[in-house]
Each structure stands twice: as C-alpha cells, then as structure tokens.
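Residues per chain, in single letters:
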Amino acid sequence: MAWLVPIGLAAVLGHSFSPFLRFRGGKGIATSLGVLLALSWPVALLGLSVWVVAVALTRYVSLASLLAALSLPVASALLLRGADRGWMLGLTALLLVLVAVKH
C-alpha cells in the first residue's frame, strides 16, 4: 500500500495545481475523496460523513470541507492499524494542509 500513497498524492496535487490551468485548479476535495476511497474506504466514509453533516448543519461547503479534512488524520489514527496507519496518517496530514492552504 505504501507505493500507492505518492500516486494518490500526485493525483490530488495534479488536480489542485494543474499545469493546463497555469498551476491553478480546484481545492482537491473530490479527488482526495476518490484517493481515500481507493486506499482506505473506512477513513473516506468517515470524512464524507463529517462533510455531509457539516453541510446539512451550516450550509457552508468550504467549512464542511475543512472539517472533513480535519477529521481525516483522526480517522486514520483511530481506524487503521499496522504499517498502513503510518502512511495514511502522513497522507491525510498532507491533505489537511493542502485543503487548508487552498481554502
């Protein structure tokens, strides 16, 4: 699984800083969800659940995205065990920083 983490991170960075859009792009939320669904679906579903609840309560998509990104490292720490836990903690921490910077 460790070799998939840099590939997933490259996909998110490619969508967030597209060379075809002069290194501008989206905030990487949907791409992050796709990467996390492929790497660890329980972490992805917990983050998606946080996003849905936050949108329903506040009606602010940006706030919901930030809260979901904040929940990802916590979900990785609580839900995963073994070697995958360290890689996913690193990836989700990087995704949190990226989402915070882009917002």
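Keep in mind the model is a prediction, meaning the values are calculated, not measured.

Caption draft 1: Expanded view of the overall build of the chain. The helix and strand tally for the chain stands at five helices and zero strands. In the chain, the order of α-helices and β-strands from amino to carboxyl end is α-α-α-α-α. Burial status across the chain gives 32% buried among its 103 residues. Taking the contacts inside the chain whose residues are at least 6 apart along the sequence as the reference set, 57% of them involve residues at least 24 apart. When the accessible area of the chain is evaluated, it comes to approximately 6100 Å², of which 74% is carbon and sulfur surface.

Caption draft 2: Representation of the side chain of Ser76 within the structure. Within the secondary structure, Ser76 is located in helix H4 (residues 61–79). Excluding its chain neighbours within four sequence positions, the residues that come into contact with Ser76 are Val43, Arg85, Met88, Leu89 and Thr92.

Caption draft 3: The arrangement of the nonpolar core in detail. With 14 residues, the main nonpolar core has Leu36, Leu39, Met88 and Leu91 as its most contacted residues. Where this core is concerned, the elements lending two or more residues are helix H1 (4–16), helix H2 (29–39), helix H3 (41–58), H4 and helix H5 (83–102). The leading source of residues in this core is H5, at four residues. When near neighbours in sequence (up to four residues on either side) are disregarded, Leu91 contacts Val5, Leu9, Val35, Leu36 and Leu39.

Caption draft 4: Representation of the packing of H3 against H4. Two numbers describe how H3 lies on H4: the axes approach to 8 Å, and their chain directions differ by 150°. Here H3 lies roughly antiparallel to H4, going by the angle between them. Read as a crossing pair, H3 and H4 show a hand that is right-handed. When H3 is examined against H4, the residues Pro42, Val43, Leu46, Gly47, Val50, Trp51, Ala54, Val55 and Thr58 are found in contact with a partner set consisting of Val61, Leu63, Ala64, Ser65, Leu67, Ala68, Ser71, Leu72, Ala75, Ser76 and Leu79. Of the residues in the contact of H3 with H4, the class split is 15 nonpolar, five polar and no charged.

The rules behind each value
Residues numbered from 1 in each chain as written. Predicted model: local features only at pLDDT ≥ 70, side-chain atom pairs only at ≥ 80, totals over all residues. Heavy atoms only, no water. Helix = DSSP H or I, 4+ residues; strand = E, 2+ residues; numbered from the N terminus. Buried < 20%, exposed > 50% of the residue type's maximum accessible area, 1.4 Å probe, protein only. Contact = heavy atoms within 4.5 Å. Areas by Shrake-Rupley, 256 points an atom, 1.4 Å probe, with all protein chains shown as cover. Core = buried A, V, L, I, M, F, W, Y, C linked by side-chain atoms within 4.5 Å. Axes fitted to C-alpha atoms, helices over the stretch in contact; angles between N-to-C directions. Parallel < 35°, antiparallel > 145°, perpendicular 65-115°, else oblique. Left-handed = near helix turned anticlockwise from the far one by under 90°. Nonpolar A, V, L, I, M, F, W, Y, C, P; charged D, E, K, R; others polar.

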